[in-house]
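Each chain, written out:
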Amino acid sequence: MTLRTVASDEAPPIHITSVDYDLVAELAIRLEAHDPRLSALILNEIDRAHIHESGDILPDIVAISSEVTFADGINGSERTVTLVLPGQADIEKGRISVLTSVGAGLLGMRVGSTIEWPCPDGRPRTLTILRVKPSET
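Computed from a predicted structure; not experimentally measured. (Residues numbered from 1 in each chain as written. Predicted model: local features only at pLDDT ≥ 70, side-chain atom pairs only at ≥ 80, totals over all residues. Heavy atoms only, no water.)

Once that is clear, we can look at the overall build of the chain. The helix and strand tally for the chain stands at three helices and seven strands. The order of helices and strands in the chain, counted from the N terminus, is β-α-α-β-β-β-β-α-β-β. Projected onto the principal axes, the alpha-carbon positions of the chain cover approximately 35 × 35 × 30 Å. In the chain, which comprises 137 residues, the proportion classed as buried is 42%. Long-range pairs, those at least 24 residues apart, make up 56% of the contacts in the chain with a sequence separation of at least 6. Positive and negative side-chain charges of the chain, numbering 12 and 20 respectively, have mean locations separated by a distance of 5 Å. (Helix = DSSP H or I, 4+ residues; strand = E, 2+ residues; numbered from the N terminus. Buried < 20%, exposed > 50% of the residue type's maximum accessible area, 1.4 Å probe, protein only. Contact = heavy atoms within 4.5 Å. Lys, Arg positive; Asp, Glu negative; His and termini not counted. Charge placed at Lys NZ, Arg CZ, Asp CG, Glu CD.)

This is the structure we're talking about:
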């Protein structure tokens, strides 16, 4: 597998379902009062996404409820998490919210792609998608 390195001014294409787009857009708008930086980052990211109907999204794309394994460029670790809505998040069970910095960076990414994405403190980090297991529901 060839992993693509992404320059800071170039972002890999992302793909999301119309349902995920609507959910995440609504959540990001609500987030604006609490965390305007993350809200704007999420809204900008989904605005550049290719939108698909649920049945048309490829299984190697990270969607809400997908299990995803990624490499974190900050510390070189490999993590497997399930991307969920905020009310379902439980870090001890490996469920991270789409409204976290890492969760927002994973949404819509495809296996083999890498994105430079900011840490909550603003430092850059790279996230590389290694595996995706679509939701079984």
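Moving on, there is more to tell.
What follows is about helix α1 (residues 18-31). Helical geometry: 3.6 residues make up each α-helical turn, so side chains three or four residues apart lie on a common side. Under the 1.5 Å per step criterion, the end-to-end length of α1 is 20 Å for 14 residues, consistent within 8% with the ideal 20 Å. Every buried residue belonging to α1 is among Ser-18, Asp-20, Val-24, Ala-25, Leu-27, Ala-28 and Leu-31, and all of these are buried. Against β1 (15-17), α2 (36-47) and β2 (50-52) lie the buried residues of α1. (Expected span 1.5 Å × (residues − 1).)

Here five strands make up an open sheet; going across it, the order is β5-β4-β3-β7-β6 and the pairing mixed. Each of the sheet's edge strands pairs with one partner strand only, and the pair in question is β5 (95-97) and β6 (114-118). Across the sheet, the axes of successive neighbouring strands diverge by a mean angle of 45°, strand direction being ignored. (Pairing = 2+ DSSP bridges. Axes fitted to C-alpha atoms, helices over the stretch in contact; angles between N-to-C directions.)

Where α1 contacts α2, the axes come no closer than 8 Å and their chain directions differ by 155°. Viewed along their axes, α1 and α2 adopt a mutual orientation that is roughly antiparallel. The handedness of the crossing between α1 and α2 is left-handed. Note on element contacts: α2 touches α1 through Pro-36, Leu-38, Ser-39, Ile-42, Leu-43, Ile-46 and Asp-47, opposite Tyr-21, Val-24, Ala-25, Ala-28, Ile-29 and Leu-31. Class assignment for the residues of the contact of α1 with α2 results in eleven nonpolar, one polar and one charged. (Parallel < 35°, antiparallel > 145°, perpendicular 65-115°, else oblique. Left-handed = near helix turned anticlockwise from the far one by under 90°. Nonpolar A, V, L, I, M, F, W, Y, C, P; charged D, E, K, R; others polar.)

The next thing to look at is the environment of Gln-88. The residue Gln-88 is located in the loop between β4 (78-84) and β5 in this model. Overall, Gln-88 belongs to the partly exposed group, its relative accessible area being 41%.

Once that is clear, we can look at the pattern of salt bridges. Within this structure, the stated rule accounts for five salt bridges. Note that Arg-48 is salt-bridged to Glu-45, the shortest N-O span being 2.9 Å. By relative accessible area, which is 8% here, Glu-45 ends up buried. Between Arg-110 and Asp-60 there is a salt bridge, with its nearest N and O atoms 3.0 Å apart. Here Arg-110, found in the loop between α3 (101-106) and β6, pairs with Asp-60, found in the loop between β2 and β3 (67-72); they are 50 residues apart in sequence, far enough to count as distant. (Salt bridge = Lys/Arg side-chain N within 4 Å of Asp/Glu carboxyl O.)

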